[in-house]
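Chain and residue survey
Residue-level listing of the chains:
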Amino acid sequence: MTTVLLPSSITLHPTLPEGVRTATYDVEQPVPEHLVDAEALVAWGNPTSQLADAARRMGRLRWVQTLAAGPDAVLAAGFAPHVTITSGRGLHDGPVAEHTLALVLAAARRLPELVRAQDQHRWAAELGGMQRLPHEGGEFRSLSGARVLIWGFGSIAARLAPLLTVLGAQVVGVASRAGQRAGYPVITPAEVPQALPGTDVLIGILPATPGTRRALDAAVFARLPRHAWVVNVGRGSTLDEDALLAAVAGGRIAGAALDVFETEPLPASSPLWDEPRVLITPHSAGGRPVGADTLLTDNIGAFVRDEPLRNVVRR
């Protein structure tokens, strides 16, 4: 009998083949002794310390399925090389795309400033009434005709790009290989410096890897036009927060909307909280693994049949 451990942090009902049973474990606690011989572990919201404990104690483990799109927490836990790790890539595409669109529209329509004016009971006449046409006067005020650069053009970007297009944006992606992806032009990171001066919104959806650490840095911000906004929904480690704050506070770029941070929760002492042109959301873009049961059904079946799994993470 193959045992698959399901996390207490989400209700899951995968369809199980013969010879497979599931058991629920508390993600906040060490895996109970009577379950440490399980062959498969599903992770969702597990603290780093508990993942590391599972890596040490689960001697018969052969597969870890994380429901997160980014497997960095599981990779950091120290599971043995023979343990296959699969990610939740694809499960968060819709929710993250929606949240990213909300952040971009909030930037275009100046919602951070409007909310602050509401808190002050102030009628922000400068943001209402007669306004310039979109992009008149070198400002980002509408997605109509806006030039959007998405750095990290994977499945989330492929879901997001059509939403931006339908509102009139011109979308270009950045990925390791140039060409066409999901019907959109894609350039390489080497070509980004040439693309930045013509960018109105730079969206980061990069994973956390040694090669992406602080990819969004001072050199990037220096090449953006002054009216540009930066939106980051990938991983906090991909953004140089000090350089971003300096660029926004110094008027080098217009603003930023951030959902992820190098340290989470973002410390109360962070100066990002007080910058009026920075919009902060608490890593809330994803958090909803839509289709998790289907992914688990497919992968559990493949696991017991010794067939290739979906979303295998290279390491």
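Per chain, the residues get numbers from 1 upward, laid out in the order the sequence is written. This being a predicted model, a pLDDT of at least 70 is required before a residue's local features are given, and a value of 80 or more before pairs of side-chain atoms are given or counted; all residues contribute to the totals for chains, interfaces and linings. Side-chain metrics in this entry use all non-hydrogen atoms of the structure; hydrogen atoms and water are not considered.

1. Comments concerning the pattern of salt bridges
Counted as salt bridges are all cases of a side-chain nitrogen of Lys or Arg within 4 Å of a carboxyl oxygen of Asp or Glu. According to the stated counting rule, one finds 15 salt bridges in the structure shown. Between Glu 262 and Arg 214 there is a salt bridge, and its shortest N-O distance comes to 3.1 Å. Placement of Glu 262 in the loop between strand E12 (255–258) and strand E13 (278–280) and of Arg 214 in the loop between strand E10 (201–204) and helix H7 (218–223) is noted, with a sequence separation of 48 residues between them. Each of Glu 33, Asp 53, Arg 56 and Arg 57 takes part in salt bridges that share partners, so that together they form one network. Runs of E in the DSSP output that reach at least two residues are strands. Runs of H or I that reach at least four are helices, and both are numbered from the N terminus.

2. Regarding the side chain of Asn 311
Within the secondary structure, Asn 311 is located in the segment after helix H9 (292–304). Within polar-contact distance, the side chain of Asn 311 engages the backbone oxygen of Arg 89 at 2.9 Å. Between two residues, a contact is recorded if the distance between any of their heavy atoms is within 4.5 Å. Discounting residues that sit within four places of it in the chain, Asn 311 has contacts with Ile 85, Thr 86, Ser 87, Gly 88, Arg 89 and Leu 295. Two N or O atoms count as a polar contact when they lie within 3.5 Å, although within protein this holds only if one can serve as hydrogen donor and the other as acceptor, and sequence-adjacent residues are included solely when both atoms are side-chain atoms.

3. Description of the pairing of strand E6 (residues 147–151)
Across the 5 residues of E6, 4 count as buried, placing the element largely inside the fold. Across 5 bridges, E6 lies against strand E7 (residues 170–174) in parallel orientation. Residue Val 148 lies in a different strand from E7, and its bridge partner there is Val 171. For the crossover that starts at E6, traverses helix H5 (residues 155–166) and ends in the parallel E7, the hand is right-handed. Each residue is placed in one exposure class: buried if its accessible area under a 1.4 Å probe, protein chains only, is under 20% of its type's maximum, exposed if it is over 50%, and partly exposed if it falls in between. Two strands qualify as a pair provided that DSSP identifies no fewer than 2 bridges between them. Think of it like this: strands point away, you trace from the first strand over the helix to the second, and a clockwise trace means the crossover is right-handed.

4. Details of the packing of aromatic side chains
Aromatic rings from Phe, Tyr and Trp, taking only the six-membered ring of Trp, are treated as a pair when their centres fall within 6.5 Å; an angle between ring planes under 30 degrees marks them as stacked, one over 60 as edge-to-face, and anything in between as tilted. If you walk through the whole model with that rule in mind, you get 2 aromatic pairs. Seen from their ring centres, Trp 63 and Phe 303 are 5.1 Å apart, and the 35 degrees between their planes marks the pair as tilted. Here Trp 63, found in strand E4 (residues 63–66), pairs with Phe 303, found in helix H9; they are 240 residues apart in sequence, far enough to count as distant. The exposure class assigned to Trp 63 is buried, which follows from its relative accessible area of 1%. Judged by centre distance (6.2 Å) and plane angle (50 degrees), the rings of Phe 153 and Tyr 184 are tilted. With a gap of 31 residues between them, Phe 153 in the loop between E6 and H5 and Tyr 184 in strand E9 (residues 184–187) connect regions that are remote in the sequence. Note on accessibility: Phe 153 and Tyr 184 belong to one class, buried.

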